[in-house]
Amino acid sequence: MAPPTFVIGVPKEIKTDEYRVAMIPVGVEELTRAGHKVLIQTGAGLGSGIADEQYAEHGAELVPSADEIWKRADLVVKVKEPMPSEWPLLKAGQTVFTYFHFAADRSLTDAVLQSGITAIAYETIRTPNGGLPLLTPMSEVAGRMSIQQGAKYLERPQEGRGILLGGVAGVLPANVLILGGGVVGANAAKVAAGLGANVILMDINVDRLRYIDDVMPPNVTTLYSDRHNILECLPRTDLLIGAVLIPGAKAPFLVRREDLKRMPRRAVIIDVAIDQGGCVATSRPTTHSKPTYIEEDVVHYCVTNMPGAVGRTSTYALTNVTLPYVLQLAKKGYDRAVREDSALAQGVNIRKGKVTNPAVADTFNLPCAGVL
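So, here is what we can say about the structure in this document. (Residues numbered from 1 in each chain as written. Predicted model: local features only at pLDDT ≥ 70, side-chain atom pairs only at ≥ 80, totals over all residues. Heavy atoms only, no water.)

With that settled, consider the overall build of the protein chain. The helix and strand tally for the protein chain stands at eleven helices and 15 strands. A globule of 372 residues ought to have a C-alpha radius of gyration of about 21 Å, and the protein chain, at 21 Å, matches this closely. Considering the protein chain as a whole, with its 372 residues, one finds that 55% of them fall into the buried category. A sequence separation of at least 24 residues applies to 63% of the contacts in the protein chain between residues at least 6 apart. For the protein chain, the accessible area works out to roughly 15,500 Å², and carbon and sulfur atoms hold 53% of it. Between the mean site of the 38 positive side-chain charges and the mean site of the 38 negative ones, the protein chain shows a separation of 2 Å. (Helix = DSSP H or I, 4+ residues; strand = E, 2+ residues; numbered from the N terminus. Rg over C-alpha atoms; globule rule 2.2 N^0.38 Å. Buried < 20%, exposed > 50% of the residue type's maximum accessible area, 1.4 Å probe, protein only. Contact = heavy atoms within 4.5 Å. Areas by Shrake-Rupley, 256 points an atom, 1.4 Å probe, with all protein chains shown as cover. Lys, Arg positive; Asp, Glu negative; His and termini not counted. Charge placed at Lys NZ, Arg CZ, Asp CG, Glu CD.)

And the structure:
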């Protein structure tokens, strides 16, 4: 029996200042060679430096409107969650493969439940060893960017404290506090340490702290993450990086509003966990166009698509890991692909009007169904 032939659609991302695209020309070539049809919206790759002609040369059909892609595609591959203007375009029986972050957005969750699509979320695909292969490259980008942005917003013209992250001879460097020792936290620590800052990295996993302690330079100190240790560090913190992740679930608030009064005036918070609701109580989503605001005299940077600003780097890093799953879904169809790949099965968050991810179900107190 011949494998099913899918129509794969790639619309242009419409989230504010989102420059990534969900497929590069080599992905088009691989899929078309396997007998599938790939629809690319005109201009979808321009933010990542990929011209329409490059897609067409490798077999893509260029489509002028997103409406047509959503109407024709069996499998829609994106980068960010569908925006409200895209919700009416969701088609029952369709599979959408993208970052969803449902736990941070009840309205999106309800819209997807009502649509009847199957939502496979990049961020919850988990390998048997616990790895998050589709989240890791963007976490690497966001972790490194968090220090770039933190260094910039510590500058006085950006309303920060007026501190150079690494200091100079005879002047102390900035103090950086990183909450979370996963991929984001480790990459943030690496860059901050390289720039000469004093870094404290906190986590609740002692084995992870031991590993980080072994591999990081001497200006990175590890500390167990508990309420007392956080409060003790805040008065000396110039730059706080929120790097907490509970896959699929809302991030816990580790810093409360009243805690900000302990921080130095015009310290900076970069809450990378904002995609999952943020780990600072005063965090709220921002965009690259207007990335910061001030609460309790502390600068907050809470951009929900940080890697989107470096679209070319992020697109190639992301599609390196998403393409194998797209090829699986196209070749085998949903049922067989999910049955044969437990990692992909864990990515299924919503299926035909029912929540299938336990963390999302717990967040909204909804029943949890099976993925098949």
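That shown, we press on.
What follows covers the side chain of Thr 315. Tracing the chain through its elements places Thr 315 in helix 9 (residues 311-340). Judged by its relative accessible area of 0%, Thr 315 is buried. Only 2.7 Å separates the side chain of Thr 315 from the side chain of Ser 48, close enough to count as a polar contact. Look past the residues within four positions of Thr 315 in its chain and what remains in contact with it is Tyr 19, Arg 20, Val 21, Ile 24 and Ser 48. (Polar contact = N/O pair within 3.5 Å; in protein donor to acceptor, adjacent residues only side chain to side chain.)

Summed over the entire model, instances satisfying the criterion amount to 22 salt bridges. One salt bridge connects Glu 61 with Lys 37, and the closest N-O pair in it is separated by 3.2 Å. With Glu 61 in strand 3 (residues 61-63) and Lys 37 in strand 2 (residues 37-41), this pair connects stretches of sequence that are 24 residues apart. Note on Glu 61: relative accessible area 26%, which makes it partly exposed. With relative accessibility at 38%, the residue Lys 37 sits in the partly exposed group. Via salt bridges that share partners, Arg 257, Lys 261, Arg 284, Glu 295 and Glu 296 belong to a single interconnected network. (Salt bridge = Lys/Arg side-chain N within 4 Å of Asp/Glu carboxyl O.)

Glancing now at the packing of aromatic side chains. Considering all chains together, one arrives at four aromatic pairs under this definition. Between Tyr 99 and Tyr 122 the ring centres are 4.8 Å apart and the planes differ by 85°, which places this aromatic pair in the edge-to-face class. One end of the pair, Tyr 99, is in the loop between strand 5 (95-98) and helix 4 (106-115); the other, Tyr 122, is in the loop between strand 6 (118-121) and helix 5 (136-153), with 23 residues separating them in the sequence. With respect to class, Tyr 99 is no different from Tyr 122; both count as buried. Relative to Phe 102, the ring of Phe 100 has its centre 4.7 Å away and its plane inclined at 10°; by these criteria the two rings are stacked. Each residue in the set Phe 97, Tyr 99 and Tyr 122 is aromatic and connected to the rest through ring pairs, giving one cluster. (Phe/Tyr/Trp six-rings, centres within 6.5 Å; stacked < 30°, edge-to-face > 60°.)

Attention now goes to a nonpolar patch on the surface. A grouping of Leu 164, Val 168 and Val 171 is seen on the molecular surface, where their side chains present a nonpolar patch of about 290 Å² in accessible area. Here Val 171 lies in the loop between helix 5 and strand 7 (175-179). (Patch = residues over 30% accessible without salt bridge, like charges linked within 9 Å, V, L, I, M, F, W, Y side chains within 5 Å.)

How two helices pack is summed up by the angle between their axes together with the distance between the axes. Running from N to C, helix 5 and helix 6 (residues 183-194) cross one another at 35°; their axes reach a closest spacing of 7 Å. Once helix 5 is placed against helix 6, the crossing between them reads as right-handed. Facing helix 5, whose interface residues are Thr 136, Ser 139, Glu 140, Gly 143, Arg 144, Ser 146 and Ile 147, helix 6 presents Val 183, Val 184, Asn 187, Ala 188, Lys 190, Val 191 and Ala 192. (Axes fitted to C-alpha atoms, helices over the stretch in contact; angles between N-to-C directions. Left-handed = near helix turned anticlockwise from the far one by under 90°.)

Here we come to the sheet that holds strand 3. With mixed pairing, eight strands are arranged side by side in an open sheet as 3-2-1-4-5-6-14-15. Where the open sheet ends on each side, the last strands, each with one partner, are strand 3 and strand 15 (354-355). One ladder, built from four bridges, connects strand 5 with strand 6; its direction is parallel. Its bridge partner lying in strand 6, Thr 98 is registered against Ala 121. Contacting strand 6, strand 14 (348-351) and strand 15, helix 4 crosses the sheet at an angle of about 50° to strand 14. (Pairing = 2+ DSSP bridges.)

On to the pairing of strand 6. Of the two faces of strand 6, both are covered, the one formed by Thr 118 and Ile 120 as well as the one formed by Ala 119 and Ala 121. Traced from strand 5 through helix 4 to strand 6, the parallel crossover comes out right-handed. Pairing of strand 6 with strand 14, which is carried by three bridges, proceeds in the antiparallel orientation. Note that in strand 14 the partner of Ile 120 across the bridge is Val 348. (Right-handed = clockwise from strand over helix to strand, strands pointing away.)

This paragraph deals with helix 5. Compared with the 26 Å implied by 1.5 Å per residue over 18 residues, the 25 Å span of helix 5 between its first and last C-alpha is a close match. For helix 5, the full list of buried residues reads Pro 137, Met 138, Ser 139, Val 141, Ala 142, Gly 143, Met 145, Ser 146, Ile 147, Gln 149, Gly 150 and Tyr 153. (Expected span 1.5 Å × (residues − 1).)

Right, let's get into helix 4. One full turn of an α-helix is made of 3.6 residues, so residues set three or four places apart face in the same direction. The set of residues buried in helix 4 consists of Leu 108, Thr 109, Ala 111, Val 112, Leu 113 and Ser 115. Along its buried surface, helix 4 packs onto strand 6, strand 14, strand 15 and helix 11 (358-364). If you check the start of helix 4, you find a side-chain oxygen 3.2 Å away from the backbone N of Ser 107, and it comes from Asp 105.

With that out of the way, let us pick up the pairing of strand 12 (residues 292-295). Where strand 12 meets strand 13 (residues 298-301), four bridges bridge the pair, whose relative direction is antiparallel. When the bridges of strand 13 are listed, Ile 294 appears paired with Val 299. A loop of two residues connects strand 12 with strand 13, the two strands running antiparallel in sequence, and Glu 296 in this loop sits at a positive phi of about 55°.

Looking at the secondary structure, you find Asn 229 in helix 8 (residues 227-233). Reaching out from Asn 229, the side chain makes a polar contact with the backbone oxygen of Tyr 224 at a distance of 2.9 Å. With residues near it in sequence (within four places) discarded, Asn 229 still touches Met 202, Leu 223 and Tyr 224.

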